[in-house]
Amino acid sequence: MSTARARIQVICLALLVFCLIERQVRRALGPEQTITGLYPDNRRVRPTGRMIFYHLGELTLRIGHITDPPAVQITRGVQLHLLDLLDLLDTDIGQTRWPQTCD
């Protein structure tokens, strides 16, 4: 297989994942298929794959230690909502945590 064919296959797989994630979020939202929090003005919009990946791209993974498992650090409520819609909150990737703040 040539390098060009391999690259095209990778692009096709990436687009497939992109579309499947958008579809899953819209299905989980139900018939209304809108969500708030994707834009700064909090208007209700249909989520697009681009906006979903934009918000999930800002997630960080805190590396774990022997006594402390790795955890996904969530900085915004929309990220938590998207992970919930994708049914990813109870997976084996570690616990989901809000960042700790000093009071």
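Cut-offs applied
- Residues numbered from 1 in each chain as written.
- Predicted model: local features only at pLDDT ≥ 70, side-chain atom pairs only at ≥ 80, totals over all residues.
- Heavy atoms only, no water.
- Helix = DSSP H or I, 4+ residues; strand = E, 2+ residues; numbered from the N terminus.
- Contact = heavy atoms within 4.5 Å.
- Buried < 20%, exposed > 50% of the residue type's maximum accessible area, 1.4 Å probe, protein only.
- Arc of directions from axis to C-beta.

### What about the environment of I21?
When you line up the elements, I21 lands in helix α1 (residues 3-29). Expressed as a C-alpha distance, the spacing of I21 and I52, which sit 31 residues apart in the sequence, is 8.2 Å. Other than its neighbours up to four places away in sequence, I21 contacts I52, F53 and L86.

### Here we look at helix α2 (residues 49-56)
Inspection of α2 places G49, M51, I52, H55 and L56 among the buried residues, and these make up the whole buried set. End-on view of α2: buried residues confined to an arc of 165°, all on one side of the axis. In this fold, the buried residues of α2 make contact with α1 and α3 (77-85).

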